[in-house]
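The residues making up each chain are set out below.
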Amino acid sequence: MLARPSTTETAFQMRDHVCPNGVRLRPMNPCVIVGGGFAGMVAARRLQQIGVRATVLEKGDVDGGLGNAVISGGLLHIAWEPPDSPADVKRERLLAETSGEIDDELAGALASQSGNIIPWLQAEGVEMRAKTEEPATRWTLWPFRVGTGRRLLPDLGPSKAMQRLYERFREWRGDLRMGAAAHSLHRLSGGWQVGFQTEAGEASLEAGTVLFADGGFQANQEMLSRYVGPNAGLCLLRASTTGTGDGLRMLLENGAEAVGLGRVYGHLVSINALESDELWPFPHLDELCMVGVVVTRHGDRVPVDTSAVGLVTRMARSEDPRGFAVVFDEEIWNGEPGRGKLGLPAPNPELMRRGAHLVSSDTISGLAQRLACKPDRLARAIAAHNTVRGACPVSRPPFHAARVIPGITFTMGGAKIGPDAAVRAPGGRAIPGLFAAGSTAGGIQGGPNGGYVGGLATAATFGYIAAESIAAYVQSAAKSARSRASPGQPDGG
Ligand SMILES: Cc1cc2nc3c(=O)[nH]c(=O)nc-3n(C[C@H](O)[C@H](O)[C@H](O)COP(=O)(O)OP(=O)(O)OC[C@H]3O[C@@H](n4cnc5c(N)ncnc54)[C@H](O)[C@@H]3O)c2cc1C
């Protein structure tokens, strides 16, 4: 077999150039960004504006990348607050949503820096509009995306926003490597070597800093089993297939500390979504699960003592993520206010319209038969539910059930970072030259009640913070190199 061609680029192969705004980029490669998703491209563009050259490695071969950003709903919020809300309001919401689990310094950085994101994105030419009257939807990528599975919809807001960032990066002569999947990281004296694979073969880049922004490990079944639960790989991947945890793996191999790896963000969806993209990301069954009776394959009740997001993590960690069903009655499904009708689009009638199966019966034992579980266990589960104070009773026939599966949108944990987005080793020391943002970074999301604080705005904010920190790091490294080269000489600035 022929050996694959292999190339290594160093700083000296790159030429100096002047950007449209007059900023002169240094003739070196100070930064490699792994992942051209939302976090990575915000960082890449911000670095260009500051005058620091970065090379972006993007595994996808489509402008905008193939990550979660392009198939997202495009809603920018920080713990359900618009990013331009006062910092103290956002900080409080971050602490409340995560039940205090968010790293305090990260909460402070996110609350104070996220205010920059909206005007910055607007200046980049990214369009956002209010989707509803809810303040949390004030900044939604326009035109709004209501998607089906992973289908790329290039004319809708999330794809357009990403394309715009790619376009701007290219206009400023940014170095964007498409179809380049990073897989290895080695420490060098004064920097790092990133190995990656393209269609042309193996290659590597050397740089002073590396930003990992490759978007979580939700698409890696082996990592899900190791970090979330032994059978978490059986959950529905309610996300793009690119989040394979490469960045996290490389960071852990190089001494990074991991944080919060056991938690995931997602929604509860019909099990038929495993065969049909029509059934994800919407309609989800969160509301139904919160008001109905969630049962195991055997008909035993699963107490719902948390939010739907918390339930997704609990179900993903269970022995049997594909064994759950939600049971409800006619009142919940069709009554006033029929919970089946809540949500956009609502499960009733969207589930059936999109081909999902619902089982129904006039009796609980008939329903148990259709669910292939023991009637007495199902009856006990429903009776226990009906005694819970404030619960919607499940009592009016016909009774219905839908098989439900946790759909994982992204993994919440990741490499521990500081408020400067620098990757931390156990003990809190920053690992020189390594940074992480977006779903590669941990310590931001999670908590006993779910702890979802938004994906896009947090990714953009830490991408932006990472760029500022990388610029400062590169500048200080260059200064030390100059003083090493001419000891005793005053620094010329
Ligand atoms: C259906 C859906 C709806 C969502 N809706 C919302 C919403 O409305 N609001 C919200 O805040 N969040 C939403 N999210 C979450 C949001 O999309 C993510 O949190 C966000 O995109 C994370 O940004 P990121 O840059 O970390 O990752 P991504 O956007 O996934 O980008 C990572 C990039 O890295 C690339 N990559 C991966 N591995 C490698 C490698 N080895 N080498 C090179 N490149 C690599 C990928 O191709 C990808 O382009 C949604 C997600 C989904 C799936």
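Just so it is clear, the model here is predicted, and its values are computed rather than measured.

Analysis parameters
- Residues numbered from 1 in each chain as written.
- Predicted model: local features only at pLDDT ≥ 70, side-chain atom pairs only at ≥ 80, totals over all residues.
- Heavy atoms only, no water.
- Buried < 20%, exposed > 50% of the residue type's maximum accessible area, 1.4 Å probe, protein only.
- Helix = DSSP H or I, 4+ residues; strand = E, 2+ residues; numbered from the N terminus.
- Pairing = 2+ DSSP bridges.
- Domains from an automatic or database assignment.
- Contact = heavy atoms within 4.5 Å.
- Buried area = accessible area lost by both parts, 1.4 Å probe.
- pLDDT = per-residue confidence, 0-100.
- Salt bridge = Lys/Arg side-chain N within 4 Å of Asp/Glu carboxyl O.
- Disulfide = S-S within 2.5 Å.

1. Examining the pairing of strand β11 (residues 201-207)
Consideration 1: Within β11, five of the seven residues are buried, which leaves it mostly tucked inside the rest of the structure.
Consideration 2: Pairing analysis gives seven bridges linking strand β10 (residues 191-198) to β11, with the strands arranged antiparallel. Note that in β11 the partner of Thr198 across the bridge is Gly201.
Consideration 3: With antiparallel pairing between neighbouring strands as the criterion, β10 and β11 make up a hairpin whose turn holds two residues.

2. So, the sheet that holds strand β20 (residues 414-416)
Consideration 1: Spatial ordering of the open sheet is given by β14-β20-β23, a layout of three strands whose pairing is mixed. Unpaired on one side and paired on the other, β14 (258-259) and β23 (441-442) mark the two borders of the sheet.
Consideration 2: In terms of strand pairing, β14 meets β20 through two bridges, oriented antiparallel. Bridge pairing in β20 links Val259 to Gly414.

3. Describing the domain arrangement of the chain
Consideration 1: Per the domain assignment, the segments of the chain are domain 1 (6-257 + 412-481) and domain 2 (264-408).
Consideration 2: On a C-alpha basis, the centres of domain 1 and domain 2 stand 35 Å from each other.
Consideration 3: Contacts between domain 1 and domain 2 engage 24 residues on the former and 26 residues on the latter.
Consideration 4: Summing both partners gives a buried area of about 2,300 Å² for domain 1 against domain 2, and 63% of it is carried by carbon and sulfur.
Consideration 5: When the buried surface of domain 1 facing domain 2 is broken down by residue, Cys235, Leu236 and Arg238 rank first, second and third, together holding 32% of it.

4. Notes on the confidence of the model for the chain
Consideration 1: Averaged over all residues, the pLDDT of the chain is 92; the fraction at 70 or higher stands at 91%.
Consideration 2: Across residues 1-5, where pLDDT falls below 50, the model places six contacts with residues more than four positions away in sequence or in other chains.
Consideration 3: pLDDT under 50 marks residues 10-16. Its contacts with residues more than four places away, or in other chains, come to 16 contacts.

5. Considering the pattern of salt bridges
Consideration 1: Within the structure shown, the criterion is met by 24 salt bridges.
Consideration 2: Residue Arg151 pairs with Glu278 through a salt bridge whose shortest N-O separation is 3.9 Å. With Arg151 in the loop between β7 (140-141) and α6 (157-171) and Glu278 in the loop between β15 (264-270) and α9 (286-291), this pair connects stretches of sequence that are 127 residues apart.
Consideration 3: On the basis of relative accessible area, Arg151 is assigned to the partly exposed category, the value being 47%.
Consideration 4: Residue Glu222 is joined to Arg226 by a salt bridge in which the shortest nitrogen-to-oxygen separation is 2.8 Å. Residue Glu222 and its partner Arg226 are located together in helix α7 (residues 221-227), separated by four residues, close to a single helical turn.

6. Examining the state of the cysteines
Consideration 1: In the structure shown here, the tally under the stated rule is zero disulfides.
Consideration 2: With no disulfide of its own, Cys235 lies closest to Cys289 among cysteine sulfurs, the gap being 13 Å.
Consideration 3: Not engaged in a disulfide, the cysteine Cys289 finds its nearest cysteine sulfur in Cys392; these two sulfurs lie 13 Å apart.
Consideration 4: You can call Cys289 buried: its relative accessible area is 0%.

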